[in-house]
Amino acid sequence: MRAYKDQHFLTDPRIVARIADILDISGRRVLEIGPGEGILTKALLDRGATVISVELDRRLIDLLTSRFSDKLASGELTIIPGDAVKVPLPPFDIVMANLPYSISSPITFRLLEIGFESAILMYQKEFADRMMAPPGSRECGRLSIMLQTYARANRCFDLPPGAFSPPPAVHSTVMWIEPREPLFPITDKKMYEEIVRELFSRRRKTVRSTLHALSGKFGKKQMEDLIETLDTEILSSRPEALYLEDFATISNRISA
Ligand code: SAM
């Protein structure tokens, strides 16, 4: 196998089958991000899925084009060249991928914005841990809050570096992600995102202190009025100790 910068390819067909068999994908439109040399692509096609694969590397696109010429001709496979974070995507039902870890965050949020039924995605283990970190834990951050607001995420299994060629320096985790509506009303999603970002950009500060610091952005009087209405427990907490609905309470009151 040739070397591709910072990319680690799955080599064990049993692991590939384990990923491809998590969901019944027969007859479904499956989006694959970063097919590489096509080991997972083949497993998805073998299970009767219609596959849309987005690949950035020109050499890999050429390789895939010749390897899957019959599937491309029959329309079972479409290869979209380009950056999966930016390129326009056709409709799909399910996402399955051994992701390039450098785009874990932007691709996950892009997919959640587009919408899908279910995703089976491989991440660096530490990233997956942060995705699932519960409120109050040290790992809880912007990623945990934003993901848990809009999706249910479960760990399927972990993989050691030896499952890849070349072996990466890190462990990996296969995650099952299902979008869901937030469990509480969010009046303005952009404001919610901004409040979560602002609070975690000062994660050592209390909510009260950050809201004061945001007076320049949202108005001194508005922030003072907001602080008046919030529970002391919320105001004296650091962001990682807040529940999802506390972020909604704060952002809804600002956007009211
Ligand atoms: N799925 C293959 C496997 O498991 O063996 C390859 C996985 S490899 C970790 C990630 C793949 O994503 C590589 O083929 C790489 O060229 C491609 N890639 C990297 N950045 C990308 C991007 N922004 N958009 C689409 N593909 C990308």
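Keep in mind that this is a model prediction, so the values were computed, not measured.

**Q** Any chance you could explain the pattern of salt bridges here in plain terms?
**A** Side-chain pairing between opposite charges can occur once the charged atoms of the two side chains come close. A complete count under the given rule lists 22 salt bridges for this structure. Of the charged contacts, one joins Asp46 and Lys42 as a salt bridge, the two residues approaching to 2.7 Å between their closest N and O atoms. Here Lys42 and Asp46 lie together in helix α2 (residues 39–46), a separation of four residues that amounts to about one turn. A residue is classified by how much of its surface remains accessible, and Asp46, at 51% relative accessible area, is exposed. Residue class for Lys42 comes out partly exposed when judged on its relative accessible area of 38%. Close ionic contact of Asp62 with Arg58 constitutes a salt bridge, the shortest N to O distance being 3.6 Å. Here Asp62 and its partner Arg58 are both found in helix α3 (residues 58–67), four residues apart, which amounts to about one turn of the helix. Judged by its relative accessible area of 45%, Asp62 is partly exposed.

**Q** Which parts of the structure should I look at to understand α3?
**A** At 3.6 residues per turn, the α-helix brings residues three or four places apart onto the same side. For α3, the complete set of buried residues consists of Leu60, Ile61 and Leu64. The buried residues of α3 occupy an angular sector of 105 degrees when projected down its axis, which confines them to one face. Structural note: α3 exposes Arg58 and Ser66 on the side pointing more than 90 degrees away from its buried face. Of the surrounding elements, those touching the buried residues of α3 are β1 (9–10), β3 (50–55), α4 (69–74) and β4 (77–81). Among the residues of α3, the N-terminal cap falls to Asp57, whose side-chain oxygen and the backbone nitrogen of Arg59 are separated by 2.9 Å.

**Q** Could you clarify how one ought to interpret the domain arrangement of the protein chain in this entry?
**A** Interface size, as often reported, equals the accessible area lost upon joining of the parts. With domains assigned, the protein chain is organised as domain 1 (9–179) and domain 2 (189–255). Taking only C-alpha atoms, the centre of domain 1 and the centre of domain 2 are 34 Å apart. Of the roughly 1100 Å² buried between domain 1 and domain 2 on both sides combined, carbon and sulfur atoms contribute 68%. Counting the contacts that link domain 1 with domain 2 gives zero salt bridges. On inspection of domain 1 and its partner domain 2, the count reaches four residue pairs in polar contact (both at pLDDT 80 or more). In terms of residue class, the side of domain 1 that touches domain 2 is built from five nonpolar, five polar and two charged.

**Q** Is there a simple way to explain the site of the ligand in this structure?
**A** In the vicinity of the ligand there are 20 residues, among which Leu10, Gly34, Glu55, Asp83 and Asn98 approach most closely. Within the backbone of Gly36, a nitrogen or oxygen atom sits 3.3 Å from an oxygen atom of the ligand. The separation between an oxygen atom of the ligand and a polar side-chain atom of Asn98 is 2.6 Å. Protein chains shield 95% of the accessible area of the ligand, which is 590 Å² for the free molecule. Secondary structure elements with two or more residues in the shell around the ligand: β1 and β3. Partitioning the shell around the ligand into residue classes produces 11 nonpolar, six polar and three charged.

**Q** Even after reading the chapter, I still don't get the sheet that holds strand β2 (residues 29–33), so can you show me in this structure?
**A** For sheets, the rule is that strands pair by backbone hydrogen bonds, running either parallel or antiparallel. Sheet architecture is open: seven strands sit in the order β4-β3-β2-β5-β6-β9-β7, paired in mixed fashion. Two strands bound the open sheet, and with one partner strand each, they are β4 and β7 (151–159). Going from strand to strand, the sheet's axes swing by 20 degrees on average, the running direction of each strand aside. Here two bridges tie β2 to strand β5 (residues 94–98), and the two strands are oriented parallel to one another. Following the sheet pairing, Leu31 is matched in β5 by Val95. Lying on the sheet, α3 is in contact with β3 and β4; it crosses β4 at an angle near 165 degrees.

**Q** Is there a simple way to think about the packing of aromatic side chains in this case?
**A** Aromatic ring pairs are reported here in terms of the distance separating the ring centres and the angle at which the planes meet. Per the counting criterion, the structure on display carries three aromatic pairs. Aromatic side chains Tyr150 and Tyr192 sit 6.4 Å apart centroid to centroid with 80 degrees between the ring planes, which places their arrangement in the edge-to-face category. One end of the pair, Tyr150, is in helix α7 (residues 142–150); the other, Tyr192, is in helix α8 (residues 189–201), and 42 residues separate them in sequence. The same class applies to Tyr150 as to Tyr192, namely buried. The interplanar angle of 25 degrees and the centroid separation of 5.8 Å between the aromatic rings of Phe200 and Phe247 together place this pair among those described as stacked.

Cut-offs applied
- Residues numbered from 1 in each chain as written.
- Predicted model: local features only at pLDDT ≥ 70, side-chain atom pairs only at ≥ 80, totals over all residues.
- Heavy atoms only, no water.
- Salt bridge = Lys/Arg side-chain N within 4 Å of Asp/Glu carboxyl O.
- Helix = DSSP H or I, 4+ residues; strand = E, 2+ residues; numbered from the N terminus.
- Buried < 20%, exposed > 50% of the residue type's maximum accessible area, 1.4 Å probe, protein only.
- Arc of directions from axis to C-beta.
- Contact = heavy atoms within 4.5 Å.
- Polar contact = N/O pair within 3.5 Å; in protein donor to acceptor, adjacent residues only side chain to side chain.
- Domains from an automatic or database assignment.
- Buried area = accessible area lost by both parts, 1.4 Å probe.
- Nonpolar A, V, L, I, M, F, W, Y, C, P; charged D, E, K, R; others polar.
- Near = heavy atom within 4 Å.
- Areas by Shrake-Rupley, 256 points an atom, 1.4 Å probe, with all protein chains shown as cover.
- Pairing = 2+ DSSP bridges.
- Axes fitted to C-alpha atoms, helices over the stretch in contact; angles between N-to-C directions.
- Phe/Tyr/Trp six-rings, centres within 6.5 Å; stacked < 30°, edge-to-face > 60°.

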